[in-house]
Amino acid sequence: MSQVYNFSAGPAMLPVQVLKQMKGELLEYGSARASVMEISHRGADFMAMAQKSKQDLRDLIGIPDHYKVLFLQGGASTQFSMVPINLLRGKTKANYAHTGHWSKKAIAEGSRYCEINVCTDSSDNKYTDIDAFANWNIDPDGAYLHYTPNETIAGLEFDYVPEVDMPLVADMSSSILSREIDVSKYGVIYAGAQKNIGIAGLTIVIVREDLMGNVIANQPILFDYTTQTNNDSMYNTPSTYSWYVASRVFEWLKQQGGLSAMAKINQTKAKTLYDAIDGSDFYSNPVTIRYRSRMNVPFLLADESLNGLFLEKAAVNNLITLKGHRSVGGMRASIYNAMPQEGINELVNFMKVFEKENV
Ligand SMILES: *Cc1c(COP(=O)(O)O)cnc(C)c1O
């Protein structure tokens, strides 16, 4: 395999070790004498994998016993609906922090179920800053507070967990498993798998037991967390291959030393890249330093007419998918767990050479 560093925001790079395992096990999985894609989710081989992966995830994050772990379909976007359906519990309002593109989408969907109180709004600073928590306008009658710890598009990340007197709900799609998480601070955590867990098609939900069992009437039965917990995430056929890939990623993470080790590695990776951006007038990042994302690093070239050339030359140097989101422009390097420090070093070296050639 040629050594390409893929900075895609998602679906994103997988650890090479996991890709190799997938290749090796593609035709025959364990004792199944068939591919993991071809076997029943209720058979012994798949059930054993599912059990182990759930335990590995519990061990990695340190999930307390009174939280359930679900392996669902539908992506993070389906949780934009499932959260209000399950968590309103008779209330008519909820608090949402609006800090980026994804929280905006969560708000739009939530507003189909209840009155939304936007308790903080970063849209007027183009999602480059977060208002001090003391200034948030939280409605105490809200059923919960929803926020997005890492906004994938603008590269805006919380460096703290909001403390509130109501269930806290977090869309961790682009930051889960990148550092330690104190699950006890949350009511619900959810994440689509295709950024930091594995491949598209799987959504992990971690939900506190006491929040279940009071859903809005007449909603799809699959959208009830209770249906899913009572059936071990197998009320219907789960996304079997995505689940399997996640299980391999969890094993890989354990081998790396778990989330505290990943946090250190990710910290160093991000610092390497932000130092390079800040150390030059050729590149810039507009996000308030404190809230810069360690997972998604957007950067702009001072001369935007060089964007096309930058991307072209980067690709020749095996650095791919660096184009920024159209709403931000410029570049974006997504540097999830699977991106090694070497990939960042290669990118930074390339940026320096490109600057010299084009100032
Ligand atoms: C990618 C992303 C989503 C959307 O995920 P889907 O699985 O495509 O629904 C939602 N929230 C965040 C923070 C994301 O990064």
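Residues numbered from 1 in each chain as written. Predicted model: local features only at pLDDT ≥ 70, side-chain atom pairs only at ≥ 80, totals over all residues. Heavy atoms only, no water.

Undergrad: Looking at this structure, I do not really get the domain arrangement of the protein. What am I missing?
TA: Accessible area lost during the coming together of the parts is what is often quoted as the interface size. For the protein, the assigned domains read domain 1 (16-255) and domain 2 (257-358). Each partner contributes residues to the interface: domain 1 has 27 residues there, and domain 2 has 25 residues. Here domain 1 packs against domain 2, burying approximately 2300 Å² in sum over the two surfaces, 52% of which is carbon and sulfur. Summed over the shared surface of domain 1 and domain 2, the number is 2 salt bridges. Our count for the domain 1 to domain 2 interface comes out at 17 residue pairs in polar contact (both at pLDDT 80 or more). Considering every element that reaches the side of domain 1 that touches domain 2, the biggest residue donor is helix H6 (residues 240-256), with 4 residues. Grouping the amino acids of the side of domain 1 that touches domain 2 by side-chain chemistry returns 11 nonpolar, 9 polar and 7 charged. (Domains from an automatic or database assignment. Contact = heavy atoms within 4.5 Å. Buried area = accessible area lost by both parts, 1.4 Å probe. Salt bridge = Lys/Arg side-chain N within 4 Å of Asp/Glu carboxyl O. Polar contact = N/O pair within 3.5 Å; in protein donor to acceptor, adjacent residues only side chain to side chain. Helix = DSSP H or I, 4+ residues; strand = E, 2+ residues; numbered from the N terminus. Nonpolar A, V, L, I, M, F, W, Y, C, P; charged D, E, K, R; others polar.)

Undergrad: In this structure, what is going on with the pattern of salt bridges? I would like to understand it.
TA: Close approach of charged atoms allows side chains with opposite charge to pair. Using the criterion set out here, one finds 18 salt bridges in the structure. Here Glu251 ties to Lys52 by a salt bridge, and the two come within 2.9 Å at their closest N and O atoms. Note that Glu251 is positioned in helix H6 and Lys52 in helix H2 (residues 44-61), a separation of 199 residues in sequence. For Glu251, a relative accessible area of 18% puts it in the buried group. (Buried < 20%, exposed > 50% of the residue type's maximum accessible area, 1.4 Å probe, protein only.)

Undergrad: Got a minute to help me understand empty space enclosed by the protein in this structure?
TA: Empty pockets left among the atoms are what a rolling probe the size of a water molecule brings to light. A complete count under the given rule lists 1 cavity of 30 Å³ or more for this structure. There is about 60 Å³ of room inside the largest cavity. Residue lining of the largest cavity: Met13, Leu14, Pro15, Lys195, Asn196, Ile197, Gly198, Val249, Trp252, Leu253, Asn337 and Ala338, and that is the complete set. Counted by class, the lining of the largest cavity contains 8 nonpolar, 3 polar and 1 charged residues. (1 Å grid on protein atoms, 1.4 Å probe; cavity = no way out; pocket = protein on both sides within 12 Å on 5 of 7 lines; lining within 4 Å. Points joined across faces, edges and corners; volume = space filled by probe spheres on them.)

Undergrad: Could you clarify how one ought to interpret the pairing of strand S2 (residues 67-72) in this entry?
TA: Residues in a regular strand point their side chains to alternate faces of the sheet. Taking burial as the measure, the 6 residues of S2 include 5 buried ones, the bulk of the element. Here S2 runs beside strand S10 (residues 203-208); their pairing, made up of 6 bridges, is antiparallel. Considered in S10, the bridge of Lys68 is made with Val207. (Pairing = 2+ DSSP bridges.)

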